[in-house]
Amino acid sequence: MAGRLEYGKLAPEGLARMRALEHYLNTESRLEPVLLDLVRLRASLMNGCEYCIQLHTAELKKLHEPEERITGVSDWRGAGWAPGGAYTQRERAALAWTEAVTDIQDGHAPDAVYAQVREHFSEVETVNLTLAITVINAWNRMEISLGDFPGHEGAAA
(Lines give C-alpha, C1' and ligand atoms only; values in the text may rest on other atoms or scores of the structure.)
Protein backbone atom coordinates (compact mmCIF):
# COMPACT_ATOMS: atom_id res chain seq x y z
CA MET A 1 0.00 0.00 0.00
CA ALA A 2 1.02 3.59 -0.38
CA GLY A 3 2.28 5.86 2.32
CA ARG A 4 0.62 9.11 3.27
CA LEU A 5 2.61 11.04 0.68
CA GLU A 6 5.00 10.04 -2.07
CA TYR A 7 7.62 12.30 -0.55
CA GLY A 8 10.35 11.14 -2.93
CA LYS A 9 8.34 12.41 -5.87
CA LEU A 10 7.13 15.59 -4.18
CA ALA A 11 10.51 16.90 -2.98
CA PRO A 12 13.10 15.17 -5.19
CA GLU A 13 15.72 17.93 -4.80
CA GLY A 14 15.64 17.79 -1.01
CA LEU A 15 15.84 14.02 -0.94
CA ALA A 16 18.64 14.09 -3.51
CA ARG A 17 20.61 16.25 -1.08
CA MET A 18 19.97 13.77 1.72
CA ARG A 19 21.16 10.96 -0.57
CA ALA A 20 24.23 13.04 -1.47
CA LEU A 21 25.04 13.36 2.24
CA GLU A 22 24.63 9.58 2.59
CA HIS A 23 26.97 9.10 -0.39
CA TYR A 24 29.57 11.35 1.23
CA LEU A 25 29.30 9.44 4.52
CA ASN A 26 29.59 6.08 2.74
CA THR A 27 32.50 7.01 0.47
CA GLU A 28 34.45 9.92 1.93
CA SER A 29 33.94 10.03 5.70
CA ARG A 30 36.44 7.22 6.33
CA LEU A 31 34.03 5.68 8.83
CA GLU A 32 33.83 1.91 8.55
CA PRO A 33 30.82 0.58 6.60
CA VAL A 34 29.90 -1.84 9.40
CA LEU A 35 30.07 0.92 12.00
CA LEU A 36 27.83 3.15 9.88
CA ASP A 37 25.22 0.43 9.50
CA LEU A 38 25.34 -0.50 13.19
CA VAL A 39 24.65 3.15 14.02
CA ARG A 40 21.88 3.37 11.42
CA LEU A 41 20.30 0.18 12.74
CA ARG A 42 20.47 1.34 16.39
CA ALA A 43 18.81 4.69 15.63
CA SER A 44 16.16 2.98 13.50
CA LEU A 45 15.41 0.53 16.31
CA MET A 46 15.06 3.40 18.77
CA ASN A 47 12.74 5.26 16.39
CA GLY A 48 10.74 2.18 15.40
CA CYS A 49 11.31 2.63 11.66
CA GLU A 50 10.56 -0.85 10.30
CA TYR A 51 11.68 0.00 6.77
CA CYS A 52 15.10 1.23 7.94
CA ILE A 53 15.47 -1.65 10.41
CA GLN A 54 15.00 -4.12 7.57
CA LEU A 55 17.27 -2.14 5.22
CA HIS A 56 20.22 -1.84 7.61
CA THR A 57 19.84 -5.42 8.84
CA ALA A 58 20.14 -6.52 5.21
CA GLU A 59 23.14 -4.22 4.67
CA LEU A 60 24.92 -5.71 7.68
CA LYS A 61 24.24 -9.21 6.35
CA LYS A 62 25.76 -8.17 3.00
CA LEU A 63 28.83 -7.09 4.96
CA HIS A 64 28.97 -10.62 6.44
CA GLU A 65 28.21 -9.52 9.98
CA PRO A 66 27.33 -12.37 12.33
CA GLU A 67 23.65 -12.64 13.24
CA GLU A 68 24.50 -12.21 16.95
CA ARG A 69 26.02 -8.78 16.28
CA ILE A 70 23.04 -7.70 14.19
CA THR A 71 20.35 -8.83 16.62
CA GLY A 72 22.46 -7.69 19.58
CA VAL A 73 22.35 -4.04 18.54
CA SER A 74 19.12 -3.53 20.48
CA ASP A 75 20.91 -4.56 23.71
CA TRP A 76 24.52 -3.81 22.80
CA ARG A 77 25.48 -2.85 26.36
CA GLY A 78 24.62 -6.34 27.58
CA ALA A 79 26.58 -7.98 24.79
CA GLY A 80 29.97 -7.65 26.49
CA TRP A 81 33.23 -7.29 24.62
CA ALA A 82 35.50 -10.04 23.44
CA PRO A 83 37.84 -10.39 20.47
CA GLY A 84 35.73 -11.63 17.57
CA GLY A 85 32.68 -11.24 19.81
CA ALA A 86 30.18 -8.51 20.40
CA TYR A 87 31.33 -4.94 19.77
CA THR A 88 34.65 -3.13 19.82
CA GLN A 89 35.18 -0.18 22.14
CA ARG A 90 34.95 2.12 19.10
CA GLU A 91 31.61 0.58 18.09
CA ARG A 92 30.34 0.82 21.67
CA ALA A 93 31.26 4.51 21.79
CA ALA A 94 29.46 5.06 18.46
CA LEU A 95 26.36 3.21 19.66
CA ALA A 96 26.28 5.24 22.89
CA TRP A 97 26.66 8.46 20.88
CA THR A 98 23.85 7.29 18.58
CA GLU A 99 21.54 6.89 21.55
CA ALA A 100 22.54 10.27 23.00
CA VAL A 101 22.02 12.13 19.71
CA THR A 102 18.80 10.27 18.83
CA ASP A 103 17.23 10.65 22.29
CA ILE A 104 17.95 14.33 22.76
CA GLN A 105 14.70 15.38 24.46
CA ASP A 106 16.57 16.57 27.55
CA GLY A 107 18.26 19.23 25.45
CA HIS A 108 21.81 17.97 24.94
CA ALA A 109 24.03 14.94 24.51
CA PRO A 110 25.70 14.13 27.85
CA ASP A 111 29.31 15.20 28.32
CA ALA A 112 30.31 11.71 29.51
CA VAL A 113 29.07 10.13 26.28
CA TYR A 114 30.80 12.82 24.23
CA ALA A 115 34.04 12.16 26.10
CA GLN A 116 33.73 8.43 25.34
CA VAL A 117 33.24 9.17 21.63
CA ARG A 118 36.25 11.48 21.59
CA GLU A 119 38.42 8.71 23.05
CA HIS A 120 37.78 6.64 19.93
CA PHE A 121 37.05 9.17 17.17
CA SER A 122 39.02 12.11 15.82
CA GLU A 123 37.35 15.51 15.58
CA VAL A 124 36.40 15.03 11.93
CA GLU A 125 35.22 11.46 12.60
CA THR A 126 33.05 12.76 15.43
CA VAL A 127 31.45 15.29 13.09
CA ASN A 128 30.93 12.64 10.40
CA LEU A 129 29.52 10.17 12.91
CA THR A 130 27.10 12.83 14.15
CA LEU A 131 26.10 13.57 10.54
CA ALA A 132 25.42 9.85 10.01
CA ILE A 133 23.23 9.75 13.12
CA THR A 134 21.45 12.93 12.11
CA VAL A 135 20.66 11.75 8.59
CA ILE A 136 19.35 8.33 9.68
CA ASN A 137 17.11 10.09 12.17
CA ALA A 138 15.85 12.29 9.31
CA TRP A 139 15.19 9.25 7.09
CA ASN A 140 13.40 7.51 9.99
CA ARG A 141 11.21 10.53 10.58
CA MET A 142 10.33 10.87 6.89
CA GLU A 143 9.34 7.20 6.64
CA ILE A 144 7.51 7.07 9.98
CA SER A 145 5.51 10.25 9.40
CA LEU A 146 4.87 10.11 5.65
CA GLY A 147 5.72 6.62 4.41
CA ASP A 148 4.16 3.17 4.43
CA PHE A 149 4.55 2.59 8.14
CA PRO A 150 2.57 0.04 10.17
CA GLY A 151 -0.53 1.43 11.84
CA HIS A 152 -1.56 4.19 9.45
CA GLU A 153 -4.75 3.87 7.46
CA GLY A 154 -3.95 2.06 4.22
CA ALA A 155 -0.64 0.62 5.43
CA ALA A 156 0.41 -2.76 4.14
CA ALA A 157 -0.70 -5.51 6.48
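This text follows the structure it describes.
Residues numbered from 1 in each chain as written. Predicted model: local features only at pLDDT ≥ 70, side-chain atom pairs only at ≥ 80, totals over all residues. Heavy atoms only, no water.

Asks: When you look at the packing of aromatic side chains in this model, what are you seeing that I'm missing?
Replies: Ring pairs (aromatic) are described by centroid distance and by the angle formed between their planes. Inspection of every chain in the model, using the stated rule, returns 1 aromatic pair. Ring centres 5.8 Å apart and planes at 55 degrees place the aromatic pair Trp97 and Tyr114 in the tilted group. Taken together, the residues span a long stretch of sequence, with Trp97 in helix H6 (residues 89–102) and Tyr114 in helix H7 (residues 111–120) at a distance of 17 residues. Overall, Tyr114 belongs to the partly exposed group, its relative accessible area being 38%. (Phe/Tyr/Trp six-rings, centres within 6.5 Å; stacked < 30°, edge-to-face > 60°. Helix = DSSP H or I, 4+ residues; strand = E, 2+ residues; numbered from the N terminus. Buried < 20%, exposed > 50% of the residue type's maximum accessible area, 1.4 Å probe, protein only.)

Asks: Mind showing me how you'd approach the packing of H7 against helix H8 (residues 123–146) here?
Replies: The angle between the axes and the distance between the axes are what describe a pair of packed helices. Look at H7 against H8: their axes get within 8 Å of each other, and the N-to-C directions meet at 120 degrees. Considering their axes alone, H7 and H8 lie oblique with respect to each other. Of the two possible hands of crossing, H7 and H8 adopt the one that is right-handed. The residues of H8 that touch H7, namely those facing Tyr114, Val117, Arg118 and His120, are Glu123, Glu125 and Thr126. (Axes fitted to C-alpha atoms, helices over the stretch in contact; angles between N-to-C directions. Parallel < 35°, antiparallel > 145°, perpendicular 65-115°, else oblique. Left-handed = near helix turned anticlockwise from the far one by under 90°. Contact = heavy atoms within 4.5 Å.)

Asks: Can you help me understand the pattern of salt bridges in this one?
Replies: Where charged atoms from two side chains of opposite charge come close, those side chains can pair. Scanning the model with the defined rule gives 11 salt bridges in all. When the shortest N-O distance is used, the salt bridge between Arg40 and Glu22 registers 2.7 Å. Residue Arg40 is located in helix H3 (residues 33–47), and its partner Glu22 is located in helix H2 (residues 12–27); the two are separated by 18 residues in the primary sequence. Salt-bridge contacts for Arg69 lead to Glu91; the nearest nitrogen and oxygen are separated by 2.8 Å. (Salt bridge = Lys/Arg side-chain N within 4 Å of Asp/Glu carboxyl O.)

Asks: I tried to follow the packing of H3 against helix H4 (residues 50–62) on my own but got confused; where do I start?
Replies: Look at H3 against H4: their axes get within 9 Å of each other, and the N-to-C directions meet at 155 degrees. Comparing their axes, H4 and H3 come out roughly antiparallel. Relative to H4, H3 is oriented so that their crossing is left-handed. Counted together, Val34, Asp37, Leu38, Arg40, Leu41, Ser44 and Leu45 of H3 and Cys52, Ile53, His56, Thr57, Glu59 and Leu60 of H4 form the full contact between these two elements. Of the residues that constitute the contact of H3 with H4, the class distribution is 7 nonpolar, 3 polar and 3 charged. (Nonpolar A, V, L, I, M, F, W, Y, C, P; charged D, E, K, R; others polar.)

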